[in-house]
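# Coordinate analysis (summary)
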Amino acid sequence: MHTIYKVLLCFLLITGLHNQIYGQLKKIMTYNIRYDNPEDGLNAWDNRKLELTHLISYYKPDVLGIQEGLIHQLHYLDAQLTEYSRIGLGRDDGLEKGEFSAIYYNHNKLSLIKSSTFWLSERPDTVSVGWDASMERICTYGLFKDKSTKKNVWIFNTHYDHIGKLAREKSSELILKKIREVNTNDYPVILMGDFNSEPNSQTITILTNAFGDASEKSSHGIYGPAGTFTGFDKNTLAEKRIDYLFVKNLKVTTYRHIDDKMKNSNYLSDHLPVLIELE
């Protein structure tokens, strides 16, 4: 009998360790980290990057979608976030030039099945500027398998144009079309990013007609400031909401706009990260 208890104890310990390493997909974060602009002065990347990665490490999202990251910024994140792998391409050349809408994922919890990037334009398969947009814009996506549950989930990350109203609306239509094309098995879907659009805009309405706004799916509503855009103004509470997480076939338990600041009381980016937890 003593031997049986020992075997049972070992089994429980191993199972517990397995769950710690390969826990379920639970936390999703979208974060516009602000591109490395030397004109930002005190808010320049080199002054923010250490504490910004500390924030990510503290909240430990299982999936992180970033916007505006340049390749050297991504290399810094790669070195700091060692539990993560990433997917995505630079929008200017489809390789490493220009800003990324990269997806970082905890490779201990998720395995990548396939991934791709397309341009938000009339020619999505090639480097291009769409409609009335001011520059190239992209959407990166991947199909992932949860190592714990063995279930699949599609994750899309994007950054809409800040000038072209038509481009933003058409981008929403294009992304929904792409999701319909690839999600033939009706897997759960997460769509996130900086949409440069406020909640009552047609751009967001197009998406909410097909997906659930994670803030409305959460039983607790939005925790934190109502908005996500700070403009680095540390003396003003964020009120303009332009960063979102949308979900399909998933249950959201909490939704938060994280307004943590650096030790010098400056913001870590001109956007707040958005974090949700899934059941």
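Located above this text is the structure these notes cover.
Quick look at the structure, then. (Residues numbered from 1 in each chain as written. Predicted model: local features only at pLDDT ≥ 70, side-chain atom pairs only at ≥ 80, totals over all residues. Heavy atoms only, no water.)

Turning next to the packing of aromatic side chains. Inspection of every chain in the model, using the stated rule, returns 11 aromatic pairs. With a centroid separation of 6.1 Å and 85 degrees between ring planes, the pair formed by W45 and Y76 is classed as edge-to-face. Residue W45 is located in helix 2 (residues 45–59), and its partner Y76 is located in helix 3 (residues 71–80); the two are separated by 31 residues in the primary sequence. Residues Y141 and W154 carry aromatic rings whose centres are separated by 6.0 Å and whose planes lie at 50 degrees to one another, so their mutual orientation is tilted. Here Y141, found in strand 6 (residues 138–146), pairs with W154, found in strand 7 (residues 152–159); they are 13 residues apart in sequence, far enough to count as distant. W154 gets classed as buried once you look at its relative accessible area, which sits at 3%. (Phe/Tyr/Trp six-rings, centres within 6.5 Å; stacked < 30°, edge-to-face > 60°. Helix = DSSP H or I, 4+ residues; strand = E, 2+ residues; numbered from the N terminus. Buried < 20%, exposed > 50% of the residue type's maximum accessible area, 1.4 Å probe, protein only.)

Residue placement: N200 occurs in the loop between strand 8 (189–194) and helix 5 (202–208). Judged by relative accessible area, N200 falls into the exposed class, the value being 71%.

Applying the stated rule across the entire model yields 16 salt bridges. The residue D161 makes a salt bridge to R137 at a minimum N-O spacing of 3.2 Å. Taken as a pair, D161 in the loop between strand 7 and helix 4 (165–182) and R137 in the loop between strand 5 (110–119) and strand 6 lie far apart in primary sequence, 24 residues in all. Each member of the pair D161 and R137 is classed as buried. Overlapping salt bridges, with partners in common, bring together R34, D40 and D270 in one network. (Salt bridge = Lys/Arg side-chain N within 4 Å of Asp/Glu carboxyl O.)

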